[in-house]
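What the coordinates show
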Amino acid sequence: MQGDQTGQELLEESLRVLDPSVIQLDLTLQPFDLSLENRRKTNNQVVHEAADAMRKSGYGLKAATITPETKNDVGSPNAILRKSIDGKVIIRTGRRIPGVRPIAGTFAPISVIRMAVGDAYGAKEWREGEGLDEVAFRTETIDRKTCRAVAEFAFRHAKKTHAKVFGGPKYTVSPIYEGMLKEEMDAASQRYPEVAYEPQLIDATYALLLNNNGEPLVIPALNRDGDCLSDMVLQLFGSIAGSESVLISFDESHQPHVVMAEAPHGTAPSLFGKNLANPMAMILASASLLTYMDDPKAHHASRAIYEATIETVREGTRTADIGGSATTTEFTDEVIAKIQTKLEVWSSLDNL
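All values derive from a computational prediction rather than experimental measurement.

What follows is about the packing of aromatic side chains. Enumeration according to the criterion identifies 4 aromatic pairs in this entry. A ring pair is formed by Phe153 and Phe250, whose centres lie 5.7 Å apart and whose planes are at 50°; its orientation type is tilted. Placement of Phe153 in helix 6 (residues 144-161) and of Phe250 in strand 9 (residues 245-250) is noted, with a sequence separation of 97 residues between them. You can call Phe153 buried: its relative accessible area is 12%. Through pairs of rings, three or more aromatic residues link up here, namely Phe155, Tyr192 and Tyr197.

In structure tokens:
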């Protein structure tokens, strides 16, 4: 799904990485132009077509797009995509970027499992009264199905990554609304007694993350809490461009049904056309999609992309946002070279 400004440029870098000559895997790519211009031209029809294609294929890779601020404009394509594929969870994982000093001694991975729909986003809003007596209202909703998906995925992810489920909503102040997610977290804890569980209020979660003792964490969160929290978590590790963002819908047994990956950052208009933006998040987004495919070659390619990207940073090829001087294309060139080397070496060792 093509995007706007630097978002489109970085998508093109990730597609260079996914070329069959690089990852030794043939992928059929179906493009959809989600640029602001084309969304306006088609009155968002292209967004619905992209969502339909994702439902059929099970996968999507999306560039950053512009969300216009004008009320009667085309709005956010992400909101349409999430609703259309019945997306329930967004996962963003902050991880150590070699050579980049983390904040507050944060070294172990931290995954934020965020509610993908409902809550403050899409809420009905209105105002009543005039002058200093004017009052603004907002009606927010969450549903148990989404809360259960967030809690279930959080504990499954924590089990897989040997992490602790940590944090949670402000259930003491809002026992009916925010308490619904806490109820599902507690129930999931009973289903996964082997997973460490330490519920905390959202404000305490923020504070305790700045004094983290270094253990891997998985944090379930409401939609807006998770949006804010994940930006902070990624920045704790040095850059919001250091990790991918993955939207997941589930089947009846809470197995991933449709997966859409993207960068967590925006279109960075100040960097547009300068060949300076960090492509790391979009490259990792492409790698994350491959992990959900039922194909050993895809898993090999995914691991090669992850390792090559981290090693590129570790060995000193870095864009300016993480303390280097490499251009966008130079960073990608180095990642591609490392991927090709890894896959060739692994192939030669398969028979040993």
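Now for the environment of Ala337. With respect to the secondary-structure elements, Ala337 resides in helix 12 (residues 328-349). Residue class for Ala337 comes out partly exposed when judged on its relative accessible area of 34%. Between the alpha carbons of Ala337 and Val22 there is a distance of 8.2 Å; along the sequence they are 315 residues apart.

For the rest of this paragraph, the subject is the packing of helix 10 (residues 280-291) against helix 11 (residues 296-314). Close contact between helix 10 and helix 11 brings their axes to 7 Å; oriented N to C, the two are set at 155°. Put simply, helix 10 runs roughly antiparallel to helix 11. In the crossing of helix 10 with helix 11, the sense of the turn from one axis to the other is left-handed. Where helix 10 abuts helix 11, its residues Met280, Ile283, Leu284, Ser286, Ala287, Ser288, Leu290 and Thr291 lie against Ala298, His299, Ala301, Ser302, Ile305, Tyr306, Thr309, Ile310 and Val313. Class assignment for the residues of the contact of helix 10 with helix 11 results in 11 nonpolar, 6 polar and no charged.

What follows covers a nonpolar patch on the surface. Judged by side-chain polarity, Trp126, Val135 and Phe137 come together as a nonpolar surface patch covering roughly 230 Å² of accessible area. Structurally, Trp126 can be placed in strand 4 (residues 119-128).

Take the nonpolar core next. Ile23, Leu61, Ile113, Phe153, Leu290, Ile305 and Ile339 are the most contacted members of the largest nonpolar core, which totals 63 residues. With 9 residues, helix 10 is the largest single contributor of residues to this core. If we ignore the near neighbours within four places in the chain, the residues touching Ile113 are Val89, Ile90, Ile91, Val150, Phe153, Ala154, His157, Val218, Ile219, Pro220 and Ala221. Core analysis: the next-biggest nonpolar cluster, separate from the first, contains 17 residues, Ala51, Met54, Ile90 and Leu247 among them.

The end-to-end C-alpha distance of helix 12 is 32 Å, a good match for the 32 Å that 22 residues give at a rise of 1.5 Å each. Looking at helix 12, one finds that the buried residues are Thr328, Phe331, Thr332, Val335, Ile336, Lys338, Ile339, Lys342 and Leu343. As for helix 12, its buried residues are in contact with helix 1 (5-17), helix 2 (20-23), helix 10 and helix 11.

Definitions and limits used
- Residues numbered from 1 in each chain as written.
- Predicted model: local features only at pLDDT ≥ 70, side-chain atom pairs only at ≥ 80, totals over all residues.
- Heavy atoms only, no water.
- Phe/Tyr/Trp six-rings, centres within 6.5 Å; stacked < 30°, edge-to-face > 60°.
- Helix = DSSP H or I, 4+ residues; strand = E, 2+ residues; numbered from the N terminus.
- Buried < 20%, exposed > 50% of the residue type's maximum accessible area, 1.4 Å probe, protein only.
- Axes fitted to C-alpha atoms, helices over the stretch in contact; angles between N-to-C directions.
- Parallel < 35°, antiparallel > 145°, perpendicular 65-115°, else oblique.
- Left-handed = near helix turned anticlockwise from the far one by under 90°.
- Contact = heavy atoms within 4.5 Å.
- Nonpolar A, V, L, I, M, F, W, Y, C, P; charged D, E, K, R; others polar.
- Patch = residues over 30% accessible without salt bridge, like charges linked within 9 Å, V, L, I, M, F, W, Y side chains within 5 Å.
- Areas by Shrake-Rupley, 256 points an atom, 1.4 Å probe, with all protein chains shown as cover.
- Salt bridge = Lys/Arg side-chain N within 4 Å of Asp/Glu carboxyl O.
- Core = buried A, V, L, I, M, F, W, Y, C linked by side-chain atoms within 4.5 Å.
- Expected span 1.5 Å × (residues − 1).

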